[in-house]
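# A look at the structure
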Amino acid sequence: MEGQAKGYLIIIGGAEDKTGKNGILNQAHEMLSDKDILTIITTATEKPQEVGENYKQDFAKMGVKNIQVLDINTRDIANSPEICEQIKKSKGIFMTGGDQLRVTSILGGTAAYEELKQVYFNGGIIMGTSAGASVMSSTMVVQGEDNEPAKKCTLKMAPGFRLLENSIIDQHFDQRGRFGRLLCGVAENPEVLGIGIDEDTAIKVYPDNHFEIIGTNTVTIIDGTSIKSSNVSELAPNEMLAIIGVTVHTLPKGYGFNLLSREVMRLKNGGKKDGSTRNN
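### As for the sheet that holds strand β8 (residues 164-171)
Taken in spatial order, the six strands make up an open sheet running β7-β6-β8-β9-β12-β15, and their pairing is mixed. Each edge of the sheet is formed by a strand with only one pairing partner; in this case those strands are β7 (155-159) and β15 (247-251). Taking the axes of each pair of neighbouring strands and ignoring which way they run, one obtains an average angle of 25 degrees across the sheet. One ladder, built from five bridges, connects β8 with strand β9 (residues 193-197); its direction is parallel. Counterpart to Q171 in the pairing with β9 is I197.

Structure below.
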(Lines give C-alpha, C1' and ligand atoms only; values in the text may rest on other atoms or scores of the structure.)
Protein backbone atom coordinates (compact mmCIF):
# COMPACT_ATOMS: atom_id res chain seq x y z
CA MET A 1 0.00 0.00 0.00
CA GLU A 2 1.46 3.31 -1.12
CA GLY A 3 1.84 6.49 0.90
CA GLN A 4 1.96 7.46 4.55
CA ALA A 5 -0.71 6.16 6.91
CA LYS A 6 -3.00 8.90 8.18
CA GLY A 7 -4.43 6.91 11.07
CA TYR A 8 -3.51 6.05 14.64
CA LEU A 9 -2.50 2.85 16.43
CA ILE A 10 -3.41 2.17 20.07
CA ILE A 11 -1.24 -0.82 21.04
CA ILE A 12 -2.13 -2.21 24.47
CA GLY A 13 -0.04 -4.51 26.66
CA GLY A 14 -3.07 -6.44 27.93
CA ALA A 15 -5.09 -6.49 31.17
CA GLU A 16 -6.22 -2.92 30.56
CA ASP A 17 -8.54 -1.20 33.02
CA LYS A 18 -12.09 -1.57 31.71
CA THR A 19 -13.46 1.56 33.40
CA GLY A 20 -11.54 3.94 31.14
CA LYS A 21 -9.84 5.65 34.08
CA ASN A 22 -6.36 5.09 32.67
CA GLY A 23 -7.20 6.69 29.32
CA ILE A 24 -6.59 3.62 27.13
CA LEU A 25 -9.95 2.21 26.05
CA ASN A 26 -11.64 5.61 26.18
CA GLN A 27 -9.36 6.71 23.34
CA ALA A 28 -12.12 5.23 21.15
CA HIS A 29 -14.71 7.63 22.57
CA GLU A 30 -12.33 10.59 22.44
CA MET A 31 -11.25 10.00 18.84
CA LEU A 32 -14.49 8.78 17.24
CA SER A 33 -17.62 10.81 16.57
CA ASP A 34 -21.09 9.55 17.49
CA LYS A 35 -21.64 8.56 13.85
CA ASP A 36 -18.38 6.62 13.49
CA ILE A 37 -18.50 2.82 13.75
CA LEU A 38 -16.16 0.92 16.07
CA THR A 39 -15.70 -2.69 14.99
CA ILE A 40 -14.56 -5.30 17.52
CA ILE A 41 -12.77 -8.23 15.86
CA THR A 42 -12.67 -11.37 18.02
CA THR A 43 -10.56 -13.60 15.77
CA ALA A 44 -7.84 -14.09 18.41
CA THR A 45 -10.05 -15.54 21.12
CA GLU A 46 -11.65 -18.97 21.52
CA LYS A 47 -14.61 -17.31 23.28
CA PRO A 48 -15.69 -14.78 20.64
CA GLN A 49 -19.28 -14.23 21.80
CA GLU A 50 -18.38 -13.69 25.45
CA VAL A 51 -15.31 -11.55 24.80
CA GLY A 52 -17.00 -9.53 22.05
CA GLU A 53 -20.07 -8.77 24.17
CA ASN A 54 -17.95 -7.79 27.18
CA TYR A 55 -15.90 -5.30 25.17
CA LYS A 56 -19.03 -3.98 23.47
CA GLN A 57 -20.48 -3.18 26.89
CA ASP A 58 -17.19 -1.64 28.06
CA PHE A 59 -16.97 0.71 25.09
CA ALA A 60 -20.65 1.60 25.34
CA LYS A 61 -20.20 2.62 28.99
CA MET A 62 -17.45 5.00 27.85
CA GLY A 63 -19.80 6.69 25.40
CA VAL A 64 -19.08 4.95 22.08
CA LYS A 65 -22.40 4.97 20.20
CA ASN A 66 -21.98 2.70 17.16
CA ILE A 67 -20.37 -0.67 17.93
CA GLN A 68 -20.39 -3.90 15.99
CA VAL A 69 -18.71 -7.26 16.74
CA LEU A 70 -17.29 -9.44 13.96
CA ASP A 71 -16.40 -13.08 14.64
CA ILE A 72 -14.09 -13.82 11.72
CA ASN A 73 -13.00 -17.39 12.41
CA THR A 74 -12.24 -18.75 8.92
CA ARG A 75 -10.48 -17.44 5.83
CA ASP A 76 -13.68 -17.90 3.83
CA ILE A 77 -15.45 -15.49 6.18
CA ALA A 78 -12.48 -13.11 5.99
CA ASN A 79 -12.86 -13.00 2.21
CA SER A 80 -16.64 -12.54 2.19
CA PRO A 81 -17.99 -9.29 0.67
CA GLU A 82 -20.34 -8.78 3.65
CA ILE A 83 -17.49 -8.79 6.20
CA CYS A 84 -15.35 -6.54 4.02
CA GLU A 85 -18.18 -4.03 3.67
CA GLN A 86 -18.64 -3.91 7.45
CA ILE A 87 -14.95 -3.25 7.99
CA LYS A 88 -14.89 -0.66 5.21
CA LYS A 89 -17.63 1.34 6.95
CA SER A 90 -15.64 1.38 10.21
CA LYS A 91 -13.64 4.31 11.52
CA GLY A 92 -12.17 2.30 14.40
CA ILE A 93 -11.07 -1.32 14.76
CA PHE A 94 -10.41 -3.10 18.07
CA MET A 95 -8.69 -6.51 18.08
CA THR A 96 -9.07 -8.59 21.23
CA GLY A 97 -6.52 -10.75 23.00
CA GLY A 98 -6.04 -14.47 22.51
CA ASP A 99 -3.65 -16.15 20.06
CA GLN A 100 -1.78 -13.85 17.68
CA LEU A 101 -0.92 -16.67 15.27
CA ARG A 102 -4.63 -17.36 14.93
CA VAL A 103 -5.16 -13.74 13.88
CA THR A 104 -2.44 -13.68 11.21
CA SER A 105 -3.23 -17.17 9.87
CA ILE A 106 -6.95 -16.40 9.47
CA LEU A 107 -6.82 -12.74 8.39
CA GLY A 108 -3.41 -12.44 6.73
CA GLY A 109 -3.61 -11.91 2.97
CA THR A 110 -7.43 -11.81 2.92
CA ALA A 111 -9.80 -9.15 1.66
CA ALA A 112 -10.74 -8.31 5.26
CA TYR A 113 -7.08 -7.69 6.08
CA GLU A 114 -6.78 -5.33 3.11
CA GLU A 115 -9.86 -3.41 4.27
CA LEU A 116 -8.41 -3.20 7.80
CA LYS A 117 -5.23 -1.67 6.41
CA GLN A 118 -7.30 0.79 4.38
CA VAL A 119 -9.06 1.95 7.55
CA TYR A 120 -5.65 2.76 9.05
CA PHE A 121 -4.17 4.38 5.96
CA ASN A 122 -7.28 6.51 5.44
CA GLY A 123 -7.17 8.04 8.92
CA GLY A 124 -8.94 5.52 11.15
CA ILE A 125 -7.93 4.05 14.50
CA ILE A 126 -6.61 0.51 14.96
CA MET A 127 -6.61 -0.68 18.57
CA GLY A 128 -5.42 -4.03 19.87
CA THR A 129 -4.73 -5.63 23.23
CA SER A 130 -2.37 -8.52 24.07
CA ALA A 131 -2.43 -10.75 20.96
CA GLY A 132 -4.20 -7.93 19.15
CA ALA A 133 -1.18 -5.77 19.96
CA SER A 134 1.47 -8.28 18.88
CA VAL A 135 0.02 -8.64 15.38
CA MET A 136 0.54 -4.95 14.60
CA SER A 137 4.34 -5.23 14.42
CA SER A 138 6.39 -6.25 11.39
CA THR A 139 7.94 -9.17 13.30
CA MET A 140 5.59 -10.93 15.71
CA VAL A 141 6.48 -12.94 18.82
CA VAL A 142 4.63 -16.25 18.53
CA GLN A 143 6.08 -18.23 21.40
CA GLY A 144 8.75 -17.73 24.07
CA GLU A 145 9.66 -18.52 27.64
CA ASP A 146 8.63 -16.10 30.39
CA ASN A 147 10.93 -15.24 33.31
CA GLU A 148 13.97 -16.67 31.53
CA PRO A 149 17.35 -15.09 30.69
CA ALA A 150 18.12 -14.33 27.05
CA LYS A 151 18.99 -17.52 25.19
CA LYS A 152 19.07 -18.41 21.52
CA CYS A 153 15.89 -20.49 21.69
CA THR A 154 14.02 -18.08 23.95
CA LEU A 155 11.40 -17.23 21.32
CA LYS A 156 9.84 -18.05 18.00
CA MET A 157 8.85 -15.27 15.63
CA ALA A 158 6.66 -14.85 12.55
CA PRO A 159 5.63 -11.97 10.27
CA GLY A 160 2.96 -9.65 11.68
CA PHE A 161 0.57 -7.22 9.99
CA ARG A 162 3.31 -4.58 9.55
CA LEU A 163 1.11 -1.71 10.64
CA LEU A 164 4.08 -0.60 12.76
CA GLU A 165 7.13 -1.17 10.58
CA ASN A 166 10.58 -2.28 11.79
CA SER A 167 9.31 -3.37 15.19
CA ILE A 168 8.80 -6.32 17.51
CA ILE A 169 6.00 -5.80 20.03
CA ASP A 170 5.78 -7.88 23.20
CA GLN A 171 2.94 -7.54 25.72
CA HIS A 172 2.30 -8.36 29.42
CA PHE A 173 5.95 -7.37 29.41
CA ASP A 174 7.23 -6.75 32.94
CA GLN A 175 4.45 -8.74 34.59
CA ARG A 176 5.51 -11.95 32.81
CA GLY A 177 9.25 -11.34 32.76
CA ARG A 178 9.68 -11.04 28.99
CA PHE A 179 12.77 -8.83 28.83
CA GLY A 180 15.08 -11.73 27.99
CA ARG A 181 13.05 -12.98 25.05
CA LEU A 182 12.62 -9.52 23.54
CA LEU A 183 16.35 -8.85 23.95
CA CYS A 184 17.08 -12.03 22.03
CA GLY A 185 14.68 -10.97 19.28
CA VAL A 186 16.49 -7.65 18.90
CA ALA A 187 19.90 -9.36 18.94
CA GLU A 188 18.76 -11.52 16.02
CA ASN A 189 17.29 -8.49 14.19
CA PRO A 190 19.26 -5.39 15.33
CA GLU A 191 17.55 -3.04 12.88
CA VAL A 192 14.14 -3.87 14.38
CA LEU A 193 13.01 -1.87 17.42
CA GLY A 194 11.89 -3.97 20.40
CA ILE A 195 8.86 -2.52 22.20
CA GLY A 196 7.76 -4.24 25.43
CA ILE A 197 4.43 -2.95 26.74
CA ASP A 198 3.33 -3.59 30.33
CA GLU A 199 -0.18 -4.50 31.35
CA ASP A 200 -2.66 -1.60 31.69
CA THR A 201 -0.34 0.41 29.46
CA ALA A 202 -0.36 1.33 25.76
CA ILE A 203 1.47 3.28 23.11
CA LYS A 204 -0.49 5.68 20.90
CA VAL A 205 1.22 5.93 17.53
CA TYR A 206 0.65 9.16 15.59
CA PRO A 207 0.79 9.62 11.79
CA ASP A 208 4.11 11.51 12.09
CA ASN A 209 5.78 8.34 13.48
CA HIS A 210 6.07 9.23 17.14
CA PHE A 211 4.21 7.56 19.97
CA GLU A 212 3.20 8.50 23.50
CA ILE A 213 2.78 6.23 26.51
CA ILE A 214 -0.70 5.90 28.05
CA GLY A 215 -1.70 4.03 31.19
CA THR A 216 -0.35 3.14 34.61
CA ASN A 217 2.87 1.21 33.98
CA THR A 218 5.79 1.47 31.55
CA VAL A 219 7.03 0.71 28.06
CA THR A 220 10.50 -0.77 27.55
CA ILE A 221 12.26 0.07 24.30
CA ILE A 222 15.25 -1.99 23.11
CA ASP A 223 17.22 -0.36 20.28
CA GLY A 224 19.71 -2.71 18.65
CA THR A 225 21.25 -0.24 16.20
CA SER A 226 23.85 0.67 18.83
CA ILE A 227 24.96 -2.95 19.40
CA LYS A 228 28.72 -3.33 19.14
CA SER A 229 28.79 -7.12 19.21
CA SER A 230 26.84 -10.21 20.25
CA ASN A 231 27.30 -13.98 20.15
CA VAL A 232 23.80 -14.72 18.88
CA SER A 233 25.01 -16.20 15.58
CA GLU A 234 27.47 -18.47 17.40
CA LEU A 235 25.14 -19.91 20.03
CA ALA A 236 24.01 -23.48 20.27
CA PRO A 237 20.37 -23.93 21.36
CA ASN A 238 19.72 -22.71 24.92
CA GLU A 239 23.17 -21.14 25.38
CA MET A 240 23.25 -17.75 27.09
CA LEU A 241 23.26 -14.57 25.04
CA ALA A 242 26.09 -12.05 25.22
CA ILE A 243 25.21 -8.62 23.84
CA ILE A 244 27.32 -5.46 24.10
CA GLY A 245 26.20 -1.88 23.56
CA VAL A 246 22.43 -2.31 23.27
CA THR A 247 20.33 0.76 24.16
CA VAL A 248 17.41 0.33 26.57
CA HIS A 249 14.79 2.90 27.62
CA THR A 250 12.02 2.46 30.20
CA LEU A 251 9.30 5.09 29.81
CA PRO A 252 6.09 5.85 31.79
CA LYS A 253 3.21 8.15 30.94
CA GLY A 254 4.43 11.63 30.01
CA TYR A 255 7.11 10.33 27.68
CA GLY A 256 7.13 9.49 24.01
CA PHE A 257 9.44 8.15 21.34
CA ASN A 258 10.30 9.25 17.81
CA LEU A 259 10.32 6.13 15.65
CA LEU A 260 12.29 7.78 12.85
CA SER A 261 15.14 9.35 14.84
CA ARG A 262 14.84 6.81 17.69
CA GLU A 263 14.88 9.56 20.30
CA VAL A 264 13.06 9.73 23.61
CA MET A 265 10.73 12.71 24.03
CA ARG A 266 9.19 14.51 26.98
CA LEU A 267 5.59 15.27 26.11
CA LYS A 268 3.16 18.01 27.00
CA ASN A 269 -0.50 17.18 27.61
CA GLY A 270 -2.21 15.54 24.65
CA GLY A 271 0.91 13.94 23.23
CA LYS A 272 2.44 17.17 21.93
CA LYS A 273 6.18 17.04 21.56
CA ASP A 274 8.33 19.04 23.93
CA GLY A 275 11.90 18.43 22.85
CA SER A 276 13.82 15.16 22.83
CA THR A 277 16.60 13.32 24.59
CA ARG A 278 19.17 11.91 22.22
CA ASN A 279 20.78 8.52 22.68
CA ASN A 280 24.39 9.00 23.73
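Now that the structure is up, let's keep going.
### Topic: the pairing of strand β4 (residues 92-95)
Neither face of β4 is exposed, since G92 and F94 on one face and I93 and M95 on the opposite face are all buried. Sheet analysis places strand β2 (residues 37-41) next to β4, joined by four bridges and oriented parallel. By the bridge assignment for β4, T39 is matched with I93. As paired elements, β4 and strand β5 (residues 125-129) share four bridges and run parallel to each other. From the neighbouring strand, G92 faces β5, where its bridge partner is I125.

### Here's the deal with the nonpolar core
Judged by nonpolar contacts, the single largest core of 45 residues is most densely connected at I11, I126 and I203. In this view, I11 contacts G128, A133, M136, L164, I169, I197, T201, A202, I203 and V205; residues no more than four positions away in its chain are not counted. Residues I10, A28, L32 and M62 belong to the second largest nonpolar core, which totals 19 residues.

### What about the packing of aromatic side chains?
One pass over the structure, following the stated rule, counts eight aromatic pairs. Residues Y55 and F94 carry aromatic rings whose centres are separated by 4.7 Å and whose planes lie at 50 degrees to one another, so their mutual orientation is tilted. Residue Y55 is found in helix α2 (residues 48-61), and its partner F94 is found in strand β4; the two are separated by 39 residues along the sequence. As far as burial versus exposure is concerned, Y55 and F94 are alike and both buried. Taking the centre distance of 5.2 Å and the plane angle of 70 degrees together, the rings of F59 and F94 count as edge-to-face. One end of the pair, F59, is in helix α2; the other, F94, is in strand β4, with 35 residues separating them in the sequence. Following the ring pairs from residue to residue traces out a cluster consisting of Y55, F59 and F94.

### Some remarks on the confidence of the model for the protein chain
The share of residues in the protein chain with pLDDT of 70 or more is 94%, and the mean pLDDT across the chain is 93. Segment residues 275-280: pLDDT under 50, and 12 contacts once partners within four positions in sequence are set aside and those in other chains are kept.

### Some thoughts on the pattern of salt bridges
Per the counting criterion, the structure on display carries eight salt bridges. One salt bridge connects E16 with K18, and the closest N-O pair in it is separated by 3.6 Å. Its relative accessible area of 3% is what places E16 among the buried residues. Residue classification places K18 among the partly exposed residues on the basis of a relative accessible area of 36%. In this structure, R162 engages E165 in a salt bridge whose closest nitrogen and oxygen atoms are separated by 3.3 Å. Among the residues examined, E165 registers a relative accessible area of 42% and is labelled partly exposed. A single network of salt bridges, built from pairs that share partners, joins D146, D170, R178 and R181.

### Quick look at the side chain of K204
If you trace the backbone, K204 turns up in strand β10 (residues 201-205). With no salt bridge to any partner, buried K204 finds its closest opposite charge in E212, at an N-O distance of 4.5 Å. Looking at K204, its side chain comes within polar contact range of the side chain of Q27, at 2.9 Å. Apart from the residues within four sequence positions on either side, K204 is in contact with Y8, L9, I10, Q27, M31, H210, F211, E212 and I214.

### Quick word on the side chain of T43
Locating T43 in the fold gives a position in the loop between β2 and α2. A polar side-chain atom of T43 sits 2.9 Å from the main-chain carbonyl oxygen of I72. Sequence-distant contacts of T43, that is, excluding residues within four places in its chain, are made with I72, R102, V103, I106 and L107.

### As for the packing of helix α4 (residues 81-88) against helix α6 (residues 111-121)
Two elements in contact, α4 and α6, have axes whose closest approach is 9 Å; the angle formed by their N-to-C orientations is 10 degrees. Comparing their axes, α6 and α4 come out roughly parallel. Packed against α4, whose contacting residues are I83, C84, I87 and K88, the element α6 presents A111, A112, E115, L116 and V119 at the interface. Tallied by class, residues from the contact of α4 with α6 come to seven nonpolar, no polar and two charged.

The rules behind these values
Residues numbered from 1 in each chain as written. Predicted model: local features only at pLDDT ≥ 70, side-chain atom pairs only at ≥ 80, totals over all residues. Heavy atoms only, no water. Pairing = 2+ DSSP bridges. Helix = DSSP H or I, 4+ residues; strand = E, 2+ residues; numbered from the N terminus. Axes fitted to C-alpha atoms, helices over the stretch in contact; angles between N-to-C directions. Buried < 20%, exposed > 50% of the residue type's maximum accessible area, 1.4 Å probe, protein only. Core = buried A, V, L, I, M, F, W, Y, C linked by side-chain atoms within 4.5 Å. Contact = heavy atoms within 4.5 Å. Phe/Tyr/Trp six-rings, centres within 6.5 Å; stacked < 30°, edge-to-face > 60°. pLDDT = per-residue confidence, 0-100. Salt bridge = Lys/Arg side-chain N within 4 Å of Asp/Glu carboxyl O. Lys, Arg positive; Asp, Glu negative; His and termini not counted. Polar contact = N/O pair within 3.5 Å; in protein donor to acceptor, adjacent residues only side chain to side chain. Parallel < 35°, antiparallel > 145°, perpendicular 65-115°, else oblique. Nonpolar A, V, L, I, M, F, W, Y, C, P; charged D, E, K, R; others polar.

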